[in-house]
Amino acid sequence: MIAFLRQVFAYPFMVRALVVGGIVALCAALLGVTLVLKRYSMIGDGLSHVGFGTLSIAMALQMVFPAFANIHSPLLLSLPIVVVAAVLLLRLSANSSIKGDAAIAIVSSSALAIGIIAASLTAGMNIDVMNFLFGSILSITGTDVVLSCLVAVLVLGLYIVFFNKIFAITFDENFAKATGTNAGTYNTLLAVLTALVIVVGMRIMGAMLISCLIIFPAITSMRIFKSFKAVVVCSAGVSLFCFFTGMLLSFGIPTLPSGATIVVVNLAVFLVFSAMGLLLRHRAKP
């Protein structure tokens, strides 16, 4: 096992992938608990499609216009657009006649279509687009590592500082408003932080699979734990375990795609926790 781990860390691309993926997995798990409880979990799927569309356009601009080619990573171009999309999507779901899942479906399908068209019209982009759709650890650059670390500091810092407010709007938003909490501001904060995590994480998981890191750890932890703090802590641990296990499996068996392997590991852990939860509830009955 030690020899295998030494082999893993001997490759710079694996080190970059483990650093970026571990950061994304941790941040996504923390945000995912609130998003799942507030029934906002599918916003992650919608934003991943928006991210794919903006990344495709950013790469097309880099290839067509020399001025954009000087930007080291298309993530730098797409991040602010996805953040704006997160805010607009949240407002659209809350205030528009187009509600919830319908609003997400409209935005996500439109963004995905725009990204595919941008890729089709730009020669030489097919491989890069496939990386963003399904993830590729080989595509992670040093700039992405730095960017992911900055995003992690921002997300974890704000999450810790505003933990009590996030807890309040998660379980009783009306009561939080009555006590003077600006629920709209904290809902927007959650959407923005989610957008940042999704865009950074698309390098490894891809647009089609990134929402797994948000949804699976939270619903897995809820099979056993009931308190908010316990679910948050367990979600963080489950997310990191599933990510690193999936990455090591895909490295050991090169034919396994990393993103899909991580999803399957999450599914397996979810099934185990579900069985454990049923067993514990059965034993608790008189």
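Because the structure is predicted, anything quoted here is derived from the model rather than measured.

Cut-offs used in this document
- Residues numbered from 1 in each chain as written.
- Predicted model: local features only at pLDDT ≥ 70, side-chain atom pairs only at ≥ 80, totals over all residues.
- Heavy atoms only, no water.
- pLDDT = per-residue confidence, 0-100.
- Helix = DSSP H or I, 4+ residues; strand = E, 2+ residues; numbered from the N terminus.
- Core = buried A, V, L, I, M, F, W, Y, C linked by side-chain atoms within 4.5 Å.
- Buried < 20%, exposed > 50% of the residue type's maximum accessible area, 1.4 Å probe, protein only.
- Axes fitted to C-alpha atoms, helices over the stretch in contact; angles between N-to-C directions.
- Parallel < 35°, antiparallel > 145°, perpendicular 65-115°, else oblique.
- Contact = heavy atoms within 4.5 Å.
- Nonpolar A, V, L, I, M, F, W, Y, C, P; charged D, E, K, R; others polar.
- Disulfide = S-S within 2.5 Å.

1. Some details on the confidence of the model for the protein chain
Reasoning step 1: Of the residues in the protein chain, 85% have a pLDDT of 70 or more, and the chain-wide mean is 80.
Reasoning step 2: By mean pLDDT, helix α4 (residues 66-69) is the weakest element of the protein chain at 56, and helix α13 (residues 228-252) is the strongest at 91.

2. Regarding the nonpolar core
Generally speaking, nonpolar side chains in soluble globular proteins are found buried as a group.
Reasoning step 1: The biggest cluster of nonpolar side chains holds 75 residues, and the ones touching the most others in it are Leu47, Tyr159 and Ile204.
Reasoning step 2: Of all the elements, helix α11 (residues 183-205) adds the most residues to this core, at 15 residues.
Reasoning step 3: The next biggest cluster of nonpolar side chains, apart from the first, holds six residues, and it includes Cys234, Cys242, Val265 and Phe273.

3. Some thoughts on the environment of leucine 88
Reasoning step 1: Note that leucine 88 resides in helix α5 (residues 74-95).
Reasoning step 2: Overall, the relative accessible area of 56% leaves leucine 88 in the exposed class.
Reasoning step 3: Taking the C-alpha atoms as reference, leucine 88 lies 9.6 Å from alanine 191; in sequence the two are 103 residues apart.

4. A word on the packing of helix α9 (residues 163-171) against α11
Reasoning step 1: Two elements in contact, α9 and α11, have axes separated by 10 Å at closest approach and are oriented at 105°. As judged from the angle between their axes, α9 and α11 are roughly perpendicular. Every residue of α11 that contacts α9 at Lys165, Ile166 and Ile169 is listed here: Ala183, Tyr186, Asn187 and Leu190.
Reasoning step 2: Among the residues making up the contact of α9 with α11, the classes are represented as five nonpolar, one polar and one charged.

5. Section: the state of the cysteines
Reasoning step 1: For the coordinates displayed, the defined rule picks out zero disulfides.
Reasoning step 2: Not engaged in a disulfide, the cysteine cysteine 234 finds its nearest cysteine sulfur in cysteine 242; these two sulfurs lie 9.8 Å apart.

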